[in-house]
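# Survey of secondary and tertiary structure
Spelled out from the first residue to the last, the chains are:
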Amino acid sequence: MSSYGHQRDDRDATQATASDTLVDRSPAARSDSDLVTAEGSRAPSVLDMPQATLSWSDPWRWLQRGWSDFLHAPAIGLFYGACFVLMGWALLAVFEFAPQYTLALSAGFLLMGPFLCLGLYQVSRGLERGEPPDFWRSLTAWRISSAQLAIFAAILLVLEMLWGRAAMIVFAISFTGMPDFTGPLSSFLTEEYLTFFVTYTLVGGIFAALIYAISVISMPMILDRGVDAISAGLASLRLVSTQTGVMLLWAALISGLILLALLPGFLGLLVVGPVLGHASWHAYRAVMPVEVRRTEVSSPPGT
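Residues numbered from 1 in each chain as written. Predicted model: local features only at pLDDT ≥ 70, side-chain atom pairs only at ≥ 80, totals over all residues. Heavy atoms only, no water.

## A look at the overall build of the protein
When helices and strands are tallied, the protein shows 13 helices and 0 strands. Written out in order from the N terminus, the α and β elements of the protein read α-α-α-α-α-α-α-α-α-α-α-α-α. Looking at the protein residue by residue over its 303 residues, the buried ones come to 42%. For the protein, restricting intrachain contacts to residue pairs at least 6 apart in sequence, the fraction spanning at least 24 positions comes to 75%. Put simply, the protein shows about 16500 Å² of open surface, and 67% of that area lies on carbon and sulfur atoms. (Helix = DSSP H or I, 4+ residues; strand = E, 2+ residues; numbered from the N terminus. Buried < 20%, exposed > 50% of the residue type's maximum accessible area, 1.4 Å probe, protein only. Contact = heavy atoms within 4.5 Å. Areas by Shrake-Rupley, 256 points an atom, 1.4 Å probe, with all protein chains shown as cover.)

## A look at the environment of Tyr193
In this structure, Tyr193 sits in helix H8 (residues 191-215). Assessed through its relative accessible area of 11%, Tyr193 is described here as buried. Separated by 19 residues in sequence, Tyr193 and Ser174 place their C-alpha atoms 7.9 Å apart.

## Here we look at the packing of H8 against helix H10 (residues 229-242)
Taken N-terminus to C-terminus, the directions of H8 and H10 make an angle of 110°; their axes are 6 Å apart at the nearest point. Considering the angle they form, H8 stands roughly perpendicular to H10. Only Ala232, Gly233, Ser236, Leu237 and Val240 of H10 make contact with H8, whose side of the interface consists of Tyr212, Ala213, Ile214 and Ser215. For the contact of H8 with H10, the class distribution of residues is 6 nonpolar, 3 polar and no charged. (Axes fitted to C-alpha atoms, helices over the stretch in contact; angles between N-to-C directions. Parallel < 35°, antiparallel > 145°, perpendicular 65-115°, else oblique. Nonpolar A, V, L, I, M, F, W, Y, C, P; charged D, E, K, R; others polar.)

## Here we look at the pattern of salt bridges
Summed over all chains, the structure comprises 5 salt bridges. Taking the shortest distance from any N to any O, the salt bridge between Asp224 and Arg125 comes out at 3.1 Å. Taken together, the positions of Asp224 in helix H9 (residues 218-225) and Arg125 in helix H5 (residues 102-128) put the pair 99 residues apart, joining distant regions of the chain. Here Asp224 and Arg125 have matching classes, each one buried. Residue Asp224 pairs with Arg285 through a salt bridge whose shortest N-O separation is 3.3 Å. Remark: Arg285 occurs in helix H12 (residues 269-287) and Asp224 occurs in helix H9; sequence separation between them is 61 residues. A relative accessible area of 11% places Asp224 in the buried class. Here the salt bridges share partners, and the residues they tie into one network are Arg125, Glu128, Asp224 and Arg285. (Salt bridge = Lys/Arg side-chain N within 4 Å of Asp/Glu carboxyl O.)

## Here's the deal with the side chain of His282
Its place among the elements puts His282 in helix H12. Setting aside anything within four residues of it in sequence, one finds His282 in contact with Trp62, Arg65, Gly66, Asp69 and Ser124.

## With respect to empty space enclosed by the protein
Considering all chains together, one arrives at 1 cavity of 30 Å³ or more under this definition. If you add up the space inside the largest cavity, you get close to 60 Å³. For the largest cavity, the full set of lining residues is Gln122, Val123, Gly126, Leu127, Glu131, Pro132, Pro133, Asp134, Arg137 and Ser138. Of all elements in the fold, only H5 and helix H6 (135-139) reach the threshold of two or more residues within the lining of the largest cavity. Of all the elements, H5 adds the most residues to the lining of the largest cavity, at 4 residues. The residue inventory of the lining of the largest cavity, partitioned by class, reads 4 nonpolar, 3 polar and 3 charged. (1 Å grid on protein atoms, 1.4 Å probe; cavity = no way out; pocket = protein on both sides within 12 Å on 5 of 7 lines; lining within 4 Å. Points joined across faces, edges and corners; volume = space filled by probe spheres on them.)

What follows is the structure in structure tokens.
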């Protein structure tokens, strides 16, 4: 029994040595082991990046800086503002001729809006670096991280499709036929219309809040740091969930300014749209300052 026990211990020791040798021969395994044992934790991810604590005055400061960027590149800003105006006119036309698709089209514009703002982010990013505004670079800003932007666009598209489907369901269960929205205001005070408006607003609010939460800083982050779309969305969600009050104020300012811009035939979007785009860049920069470089996130220690 003693001889057998010693032989088994020798075999176990031999197998352990062989296993260690195999692990040492694997570069990937060796690097992971080094990161865990030498550093005590794995390489930091984008979710480990510190986010600055915001104050209630920050959203107003973002608007001020957005206005300054607009004044530095007014022609570029007005181009994107004209795009926003055309989107508003299209939304109005759909409401007049096919109102059941209005919410779905609004969701589509929520998908297109951030991608139009990429050009404005690029302008603000360049001004921050002391570079002159460049219209062509703003139009091709999507090329910097095209793959991750495409993934993020797909995520927003799924949410937009779900939002559109939910809007159609609300219409279907609220009315037996096509509702008439051209009547006097008193005709909308019936129980049927009031129930529809409340449900319609709640459904739209839920999807709008979700899209806002995952995208408020994600697009500038993808453009600036080249992080993956999922991490950017989670970082944005983390910001909204941990600093909810300030981010709700920012959402209210965005909504209020857009609402005011819609009143003069959507023409207010000529200026409000680009200013908010530039301001959104400064919101991202306030949360994640320029000092935190991409290499601190994507590269393991010692590389």
